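One-letter residues, chain by chain:
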Amino acid sequence: MNKVMLSGRTVDVPTVSYTKVDKPLCVARYRLAVTNRFKKDADGKPGADFLTCVAFGKQGEFAEKYVGKGTKLIVFERIQTGSYVNKDGVKVYTTEIIVDEQEFAESKAKAGTGAAAAPTKPADDFVTIPEGLEEELPFV
């Protein structure tokens, strides 16, 4: 089974493209900084791994609309490896994170960064009833 869950902050704004077919598919790429407690920086604080995430279709559209630089995400995904030969004839190995699901790990108000937050429904579904109207309602 190839299933991974990561939590981290986006390093940059996702780059988005669409496939050139009859029914275009959204492809969004972004880097996710994930804390690595075994990797220390010069001050002895935990370092980070910077992972390339690729989101297709609806997940790509979500990233395009709502994910910005510094957005804290929880991402459920799978790891995909590959290789290619570059222009110098050297074989280059790649590792990408293919996003299956992604969700916000904090509210926009707390984050203070990133793109527009996902639309939210009102805090409650109640409607204020004007005074005097209560007697006409059968369920009050």
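Position numbers for residues count from 1 along each chain, tracking the sequence in the order it is written. Local features in this predicted model are restricted to residues whose pLDDT is 70 or higher, and side-chain atom pairs enter the listing and the counts only when it is 80 or higher, whereas totals over whole chains, interfaces and linings include all residues. Hydrogens are left out, water is left out, and the side-chain values use all remaining heavy atoms of the structure.

Participant: Would you mind showing me how to read the overall build of the protein here?
Facilitator: Helix and strand content of the protein: 2 helices and 6 strands. Secondary structure counts use DSSP, requiring at least four H or I residues in a row for a helix and at least two E residues in a row for a strand, with both numbered from the N terminus. The helix and strand sequence of the protein, counted from the amino end, reads β-β-β-β-α-β-β-α. For each residue, the accessible area found with a 1.4 Å probe, counting protein chains only, is set against the maximum for its type, and the residue is called buried under 20%, exposed over 50%, and partly exposed in between. Here the protein holds 140 residues, and 25% of them are scored as buried. Residue pairs in contact within the protein that sit at least 24 positions apart in sequence constitute 58% of those at least 6 positions apart. Note on areas: Shrake-Rupley, 1.4 Å probe, and residue coverage restricted to the protein chains presented here. In the form shown here, the protein has an accessible surface area of approximately 10200 Å², with 55% of it arising from carbon and sulfur atoms. Contact between two residues is taken to exist if any of their heavy atoms lie within 4.5 Å; hydrogens are not considered.

Participant: How should the packing of aromatic side chains be read in this particular structure?
Facilitator: The geometry of an aromatic ring pair is captured by two quantities: the separation of the ring centres and the angle between the planes. Whether two aromatic rings pair depends on their centres lying within 6.5 Å, for rings of Phe, Tyr and Trp, where Trp uses its six-membered ring; planes under 30 degrees apart make the pair stacked, over 60 edge-to-face, and the rest tilted. By the definition in use, this model includes 2 aromatic pairs. Each ring, one from F62 and one from Y66, has its centre 5.3 Å from the other, and the planes form 55°; the classification is tilted. Within this pair, F62 and its partner Y66 are both found in helix α1 (residues 57-66), separated by 4 residues, close to a single helical turn. Across the pair, exposure class does not vary: F62 and Y66 are buried alike. Centre to centre, the rings of F62 and F104 are 5.4 Å apart; their planes meet at 50°, and the pair counts as tilted. Here the residue F62 occupies a position in helix α1, and F104 occupies one in strand β6 (residues 91-104), the gap between them amounting to 42 residues.

Participant: Got a minute to help me understand the nonpolar core in this structure?
Facilitator: Within this scheme, the nonpolar core is defined by two criteria: the residues are buried Ala, Val, Leu, Ile, Met, Phe, Trp, Tyr or Cys, and they are joined through side-chain atoms within 4.5 Å. L6, Y30, L32, C53, V75 and V99 are the most contacted members of the largest nonpolar core, which has 16 residues in total. Among the secondary structure elements, those contributing two or more residues to this core are β1 (4-10), β3 (26-40), β4 (46-56), α1, β5 (72-85) and β6. Sorting elements by how many residues they give to this core places β3 first, with 4 residues.

Participant: In this structure, what is going on with the pattern of salt bridges? I would like to understand it.
Facilitator: Pairs can form between side chains of opposite charge whenever their charged atoms are close. Each reported salt bridge corresponds to a side-chain nitrogen of Lys or Arg within 4 Å of a carboxyl oxygen of Asp or Glu. Evaluated as defined, the whole model comprises 5 salt bridges. For E96, the salt bridge goes to R29, with nearest N and O atoms at 2.5 Å. With a gap of 67 residues between them, E96 in strand β6 and R29 in strand β3 connect regions that are remote in the sequence. Residue R29 is classed as partly exposed on the basis of its relative accessible area, which comes to 36%. K39 serves as the salt-bridge partner of D49, at 2.8 Å between the closest nitrogen and oxygen. Placement of D49 in strand β4 and of K39 in strand β3 is noted, with a sequence separation of 10 residues between them. For K39, a relative accessible area of 38% translates into the label partly exposed.

Participant: When you look at α1 in this model, what are you seeing that I'm missing?
Facilitator: An α-helix turns once every 3.6 residues. As a result, residues three or four positions apart point the same way. For α1, the full list of buried residues reads G57, G60, F62, A63 and Y66. Packed against the buried residues of α1 are β3, β4 and β6.

Participant: Which parts of the structure should I look at to understand the confidence of the model for the protein?
Facilitator: Low pLDDT marks stretches whose predicted atomic positions should not be read closely. Per-residue confidence from the prediction method is given by pLDDT, with values spanning 0 to 100. Taken residue by residue, the protein gives an average pLDDT of 83. The fraction at 70 or more is 76%. The secondary-structure element of the protein with the lowest mean pLDDT is helix α2 (residues 108-111), recorded at 64, while strand β2 (residues 15-18) shows the highest, at 96. Note that residues 113-123 has pLDDT below 50 and, in this model, 20 contacts with residues that lie over four places away or in other chains.

Participant: Any chance you could explain the environment of D49 here in plain terms?
Facilitator: Residue D49 is classed as partly exposed on the basis of its relative accessible area, which comes to 26%. Sequence-wise, D49 and A33 are 16 residues apart; in three dimensions their C-alpha atoms are separated by 5.7 Å. What D49 contacts, discounting residues up to four positions off in sequence, is L32, A33, V34, N36 and K39. Within the local environment of D49, its side chain forms a polar contact with the side chain of N36, the two groups lying 3.0 Å apart. As used in this structure description, the phrase polar contact means that two N or O atoms lie within 3.5 Å; if the pair is within protein, one of them must be able to donate a hydrogen and the other to accept it, and residues adjacent in sequence are counted only when both atoms belong to side chains.

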